[in-house]
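Listed below are the residues making up each chain.
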Amino acid sequence: MAAASAYSAPKTVLVVGDSLSAEYGLSRGTGWVALAEQKLKQNNIDAVVVNASVSGETTSGGRSRLPALLTKYKPDVVVIELGANDGLRGLPVAAAQANLRAMNDAATQAKARVMLIGMRMPPNYGRDYADKFFAMYGTLSKDIKAPLVPFMLDGIADQPQMFQSDRLHPLAEAHPAILANIWPVLQKTIKTK
């Protein structure tokens, strides 16, 4: 019986993201992370979700914050949704990739499974940069053997009516669709940890 209860201990999912995960401009509890926690409960998956996302966060900021978060929460799964702010600032793709790789290494050392959420840059950033930026997630996912959601705004990014007036942050109505993009990978990642 002790083995069964140890096995059924709730898993902790740590989400380290930027404003897209931090409910920027939304009522609390309406973003995809809160919706994911509700869906886990509805599916009888015993997991606690800690949203450590910060608006404006870059991969560098996430890299520096992660060790303390790993120590505090001891997560089973670390969902990394970072890079958009690096891209919007035109930072080198190689630097973002190195930061994400370092975050994976820290999480792996803490015995957590990493899941990546990818992002695309708008076309006005130049085709070459946008392509390299998007490809970074796929390359890194293969290298570190981490599950990947290629683009969290798939099916949403081309619908201006789904965004707040800044045209960068989705409205609450878009977050169920964002979760629909993330859920299959998240569910599988939690169950295989």
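Each chain carries its own residue numbering, running from 1 in the direction its sequence is written. Local features in this predicted model are restricted to residues of pLDDT 70 or higher, and side-chain atom pairs are both shown and tallied only at a pLDDT of 80 or more, whereas totals for entire chains, interfaces and linings draw on every residue. Neither water nor hydrogens contribute to the side-chain values; these are computed over all heavy atoms in the structure.

Asks: Which residues make up the side chain of Gln 164, and what values go with them?
Replies: Secondary structure counts use DSSP, requiring at least four H or I residues in a row for a helix and at least two E residues in a row for a strand, with both numbered from the N terminus. Secondary-structure assignment places Gln 164 in the loop between strand E5 (148-149) and helix H7 (175-192). Accessibility here uses a 1.4 Å probe with only protein chains present; expressed as a share of the type maximum, an area under 20% marks a residue as buried, one over 50% as exposed, and anything in between as partly exposed. For Gln 164, a relative accessible area of 14% corresponds to the buried category. We call two residues in contact whenever any of their non-hydrogen atoms come within 4.5 Å of each other. What Gln 164 contacts, discounting residues up to four positions off in sequence, is Tyr 24, Gly 25, Leu 26, His 169, Pro 170 and Leu 171.

Asks: Describe H7, listing the residues and the values that go with them.
Replies: Taking 1.5 Å of rise per residue, the 18 residues of H7 would be expected to cover 26 Å, and the 25 Å separating its terminal C-alpha atoms lies within 8% of that figure. In H7, a bend of some 45° at Ile 182 exceeds every other bend along the element, and Pro 184, a proline, comes one to four places later. Where H7 is buried, its residues meet strand E1 (11-17), helix H2 (32-42), strand E3 (77-81), strand E4 (113-117) and E5. Multiplying one less than the number of residues by 1.5 Å gives the expected span of a helix. Working definition for bend: take the seven residues up to and ending at a residue and the seven starting at it, fit an axis to each, and measure the angle between the axes.

Asks: Can you tell me about the pairing of E3, naming the residues and giving the values?
Replies: In terms of residue burial, E3 counts as a mostly covered element, since five of its five residues are buried. Neither face of E3 is open: one carries Val 77, Val 79 and Glu 81, the other Val 78 and Ile 80, and all of them are buried. Judged from the five bridges that link them, E1 and E3 form a sheet pairing that is parallel. Within E3, the position partnered with Val 13 by the bridge is Val 77. At least two DSSP bridges between two strands are needed for those strands to be called paired. Pairing analysis gives four bridges linking E3 to E4, with the strands arranged parallel. Bridge assignment links Ile 80 to a residue of E4, and that residue is Leu 116.

Asks: I'd like to hear about the packing of aromatic side chains, residue by residue, with values.
Replies: Between the rings of Phe, Tyr and Trp (Trp by its six-membered ring), a pair exists once the centres lie within 6.5 Å; its type follows the angle of the planes, with under 30 degrees stacked, over 60 edge-to-face, and the other angles tilted. Evaluated as defined, the whole model comprises two aromatic pairs. Consider the rings of Phe 133 and Tyr 137, whose centres lie 5.6 Å apart with planes at 80°: the pair is edge-to-face. One end of the pair is Phe 133 and the other is Tyr 137, both in helix H6 (residues 127-144) and four residues apart, which spans about a single turn. Taken together, the ring pairs in this structure connect Tyr 129, Phe 133 and Tyr 137 into an aromatic cluster. In this arrangement the basic side chain of Arg 120 is found over the ring face of Phe 134, its NZ or CZ atom lying 3.5 Å from the centre. The ring of Phe 151 has Arg 120 sitting right over it, with the charged end atom 5.7 Å from the ring centre. In this scheme, Lys NZ or Arg CZ marks a charge over a ring once it lies within 6 Å of the ring centre and within 35 degrees of the ring normal.

Asks: Could you give an account of the environment of Asn 43, with specific residues and numbers?
Replies: Take Asn 43: it is sitting in the loop between H2 and strand E2 (47-51). Classification of Asn 43 as partly exposed rests on a relative accessible area of 36%. Taking the C-alpha atoms as reference points, Asn 43 and Ser 60, 17 residues apart in sequence, are found 34 Å from one another. Whenever two N or O atoms come within 3.5 Å, that pair is a polar contact, provided that in protein one can donate a hydrogen and the other can accept it, and provided that, for residues adjacent in sequence, both atoms are side-chain atoms. Here Lys 39 takes part through its backbone oxygen, which lies 2.8 Å from a polar atom of the side chain of Asn 43.

Asks: Talk me through helix H3 (residues 59-73); I want residue IDs and the actual numbers.
Replies: Relative to the 21 Å expected for 15 residues at 1.5 Å per residue, H3 spans 20 Å between its end C-alpha atoms, a close match to the ideal helical length. Considering bend angle alone, the principal kink of H3 is centred on Leu 66 and spans about 40°; proline Pro 67 follows within four residues of it. Regarding H3, the residues found buried are Thr 59, Gly 61, Gly 62, Leu 66, Leu 69 and Leu 70. In this structure, the buried residues of H3 make contact with E1, E3, helix H4 (84-88) and helix H5 (93-109).

Asks: Outline unusual backbone geometry, supporting the account with residue identities and numerical values.
Replies: We note that Lys 74 has phi near 45°; this positive angle belongs to a residue other than glycine. Turning to its location among the elements, Lys 74 is positioned in the loop between H3 and E3. You can call Lys 74 exposed: its relative accessible area is 61%. Positive phi, close to 65°, is recorded for Lys 111, a residue that is not glycine. In this structure Lys 111 comes out as exposed when scored by relative accessible area, which is 64%.

Asks: Can you tell me about the pairing of E1, naming the residues and giving the values?
Replies: Of all seven residues in E1, seven are buried; the element is thus mostly enclosed. Where burial is concerned, the two faces of E1 agree: the one with Lys 11, Val 13, Val 15 and Gly 17 and the one with Thr 12, Leu 14 and Val 16 are both buried. Taken together, the five bridges between E1 and E2 define a ladder with parallel strand orientation. Within E2, the residue paired with Val 15 across the bridge is Asn 51.

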